[in-house]
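Letter by letter, the chains look like this.
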Amino acid sequence: MSTPLTSDHDATHDATRIRVHGERPYDVVVGRGLLGELGPLLGSSCRRVAVVAPVALSTTAEAVREDLVAEGFEAIALEVPNGEEAKSPEVAAFCWSVLGQAGFTRTDAIVGIGGGATTDLAGFVAATWLRGVKLVQVPTTVLGMVDAAVGGKTGINTETGKNLVGAFHEPVGVLCDLTALETLPPHDLVAGLAEAVKCGLVRDPVILDLIRDDPQGVRDPDSARLREVIERAIRVKADVVSQDLREAIGGTLGREVLNYGHTFGHAIERVEDYRWRHGAAISVGMVFVAELARLGGRLSDDDVAVHRDILESLGLPTTYPAGRWDALLSVMKVDKKARGDLLRFVVLDGIGRPGLLEGPDPTLLAAAYAEVTP
C-alpha cells in the first residue's frame, strides 16, 4: 500500500496548527501537502535521519528518504513489520543495531511514518537511542493522528501485555497530512475513529454531535466533517497532555482520562493476540466501562445508550464473545494502569464528566462483562 504524501509547499496555506505545551512545546500540523515542513523541523544541526516505516509503506518511506537526501540529509529507510508486530523488543533491537551501524549521534533524528504501532515504536527507539534523539512523527492513519503520535507516550509490547515497556519522549513536531487517509482501508479509518469518540465522551461532546448528525460523512476521508473531528480530537489530547505530560499517579485525574476504555480494550487485544484492531477493542472497552459505571450507579441508561448508538453508527463493535472473562481479567491485572493489585478504570459520571473507579467489586466487573456479551 502506498500513501500519497506530498511536499507541495503551496498546499499548506490551509494548515491548522495545534500547540502542545510543556517542557518542549511543539505543533501538531493538520492539512495537506505537509512534507515540505519536515526538513525545517529536523533543523540544520541534524545530519542523519532514519525513516521508520512499515513494510506496507515502503514506497512512501523511500520517497521521503529521497526527498531528505535532496535536502542535504544522510537518510536511511528503516523497514519494520506491519501493525502490532513492529512493537516488540526484537524489532526495537533491530532498529538500535541499524542506528549503531549508521553512526547515529545525539544530533541526528528519527522520523516515524505510519499508523499508531509504527509511531509508538519509532518514538520508543528515539527515546532510548543515546537516551533521546530528535523525533518527528508523520501519522498516516486516523488513530495515529488523533492519539498515538501526539503526546509523547511511546512503547512496545511484551508477552504479558500491551505497552508495558515505554518512555515519555516528545516529538519536535507532528505532521498529519490528510492526503494519507485517501488510501487508508475503510476498516482502518473507522477503527481510528474510536479514539475520536473517546475524546468526545470524556471532554468534547461536539465530536459526538458531528458523528451523530452525519456518520457517513465522518467516514469520508475527503470530508470537512472528518477533518473537524480529527482536529477537535487532537485539541482534546493536546490540552490534556499539556497539563499532565507524565501521567501523574496521584491527585487529579489528569492525563489518565485518555485511558477511557483502554484497560478492557487492551485486554481484548492481548487475548486476541492483536488480531483485533486497536480501535475496535477500545470501542468495546468503552461500552464495558460505561456499563460498569451504570451498574455502580454513576452513569445513566441514556448515557450508556449514547455510547452504543455513536459507536454502532460508525460500524464499530460494541460486544465481545462470552466465556473469556478469566483470561481478560488476568491480563487487566498486569495492565500498566493498575496499582499493585488494585484495578483502576476511568469511568464517566455523565458525558464529558470523567472520574475514577478503583478496586471495583469482582461481581460488578463480571456483571459489566455480561452486558457486553451477545
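What counts and how
- Residues numbered from 1 in each chain as written.
- Predicted model: local features only at pLDDT ≥ 70, side-chain atom pairs only at ≥ 80, totals over all residues.
- Heavy atoms only, no water.
- Helix = DSSP H or I, 4+ residues; strand = E, 2+ residues; numbered from the N terminus.
- Buried < 20%, exposed > 50% of the residue type's maximum accessible area, 1.4 Å probe, protein only.
- Contact = heavy atoms within 4.5 Å.
- Areas by Shrake-Rupley, 256 points an atom, 1.4 Å probe, with all protein chains shown as cover.
- Lys, Arg positive; Asp, Glu negative; His and termini not counted.
- Charge placed at Lys NZ, Arg CZ, Asp CG, Glu CD.
- Pairing = 2+ DSSP bridges.
- Axes fitted to C-alpha atoms, helices over the stretch in contact; angles between N-to-C directions.
- Polar contact = N/O pair within 3.5 Å; in protein donor to acceptor, adjacent residues only side chain to side chain.
- Disulfide = S-S within 2.5 Å.
- Parallel < 35°, antiparallel > 145°, perpendicular 65-115°, else oblique.
- Left-handed = near helix turned anticlockwise from the far one by under 90°.
- Phe/Tyr/Trp six-rings, centres within 6.5 Å; stacked < 30°, edge-to-face > 60°.
- Core = buried A, V, L, I, M, F, W, Y, C linked by side-chain atoms within 4.5 Å.
- Salt bridge = Lys/Arg side-chain N within 4 Å of Asp/Glu carboxyl O.

A.B. asks: So, the overall build of the protein chain: which residues are in play, and what are the values?
C.D. replies: Along the backbone of the protein chain there are 14 helices and 11 strands. The principal-axis extent of the C-alpha atoms belonging to the protein chain is close to 60 × 40 × 35 Å. Scored against the burial criterion, the 374 residues of the protein chain give a buried share of 56%. Counting contacts in the protein chain only where the partners sit at least 6 residues apart, residues at least 24 apart contribute 74% of the total. Here the protein chain has roughly 14,400 Å² of accessible surface; of this, 51% comes from carbon and sulfur atoms. Counting 37 positive and 52 negative side-chain charges, the protein chain places the averaged centre of each group 5 Å from the other.

A.B. asks: Please give an account of the sheet that holds strand β6 (residues 134-139) that cites residues and values.
C.D. replies: Picture the strands of a sheet paired through backbone hydrogen bonds; they go either parallel or antiparallel. Here seven strands make up an open sheet; going across it, the order is β1-β2-β9-β6-β5-β3-β4 and the pairing mixed. On the outer flanks of this sheet lie β1 (16-20) and β4 (74-80), each paired with one strand and no other. If you compare each strand with its neighbour and ignore which way they point, the axes differ by 15° on average. Alignment of strand β3 (residues 48-54) against strand β5 (residues 109-114), held across four bridges, turns out to be parallel. Pairing of Val51 across the sheet is with Val111, part of β5. Lying over the sheet, helix α3 (residues 89-102) contacts β3, β4 and β5, oriented at roughly 160° with respect to β4.

A.B. asks: I'd love a proper account of the side chain of Ser223, names of residues and values included.
C.D. replies: Here Ser223 shows up in the loop between α8 (215-218) and α9 (224-243). A distance of 2.7 Å separates a polar atom in the side chain of Ser223 from the backbone oxygen of Gly217.

A.B. asks: Quick rundown of the state of the cysteines? Include the residues and the values.
C.D. replies: Each disulfide consists of a covalent bond between the sulfur atoms of two cysteine residues. Summed over all chains, the structure comprises zero disulfides. Distance from the sulfur of Cys95, which forms no disulfide, to the nearest cysteine sulfur (Cys46) is 17 Å.

A.B. asks: Outline the packing of helix α6 (residues 186-202) against α9, supporting the account with residue identities and numerical values.
C.D. replies: Following both chains from N to C, one finds α6 and α9 inclined at 50°, their axes separated by 9 Å at the closest point. Here α6 is positioned oblique relative to α9, judged by the angle of their axes. Seen along the crossing, α6 lies across α9 with a hand that is left-handed. Contacts between α6 and α9 involve Leu189, Leu193, Ala196 and Cys199 from the first element and Leu226, Val229, Ala233 and Val236 from the second.

A.B. asks: Residues and numbers for the packing of aromatic side chains, please.
C.D. replies: All chains considered together, the criterion is met by seven aromatic pairs. Here the aromatic rings of Phe264 and Phe288 are separated by 4.1 Å at their centres, their planes lie at 10°, and the arrangement is stacked. Here the residue Phe264 occupies a position in helix α10 (residues 262-271), and Phe288 occupies one in helix α11 (residues 278-295), the gap between them amounting to 24 residues. Considered together, Phe264 and Phe288 belong to a single accessibility category, that of buried residues. Between Trp325 and Tyr369 the ring centres are 5.2 Å apart and the planes differ by 25°, which places this aromatic pair in the stacked class. In this pair, Trp325 sits in helix α13 (residues 325-332) while Tyr369 sits in helix α14 (residues 362-371), placing the two residues 44 residues apart along the sequence. For Trp325, a relative accessible area of 13% puts it in the buried group. Among the aromatic residues, ring-to-ring pairing joins Phe264, Phe288, Trp325, Phe345 and Tyr369 into one connected group.

A.B. asks: Describe the nonpolar core, and please don't skip the residues or the numbers.
C.D. replies: Counting residues in each nonpolar core, the largest one holds 78 residues, and the members touching the most others are Phe264 and Phe288. For this core, the element with the highest residue contribution is α11, accounting for 10 residues. With 21 residues, the next largest nonpolar core counts Leu34, Ala61, Phe73 and Ile113 among its residues.

A.B. asks: If you had to explain the pattern of salt bridges to someone new, which residues and values would you point to?
C.D. replies: For the structure shown, the criterion picks out 30 salt bridges. With its nearest N and O atoms 3.1 Å apart, the salt bridge here joins Arg19 to Asp27. Given the relative accessible area of 39%, Arg19 is considered partly exposed. Look at the salt bridges and you will find they share partners, linking Glu291, Arg294, Asp301, Arg308 and Glu371 into a network.

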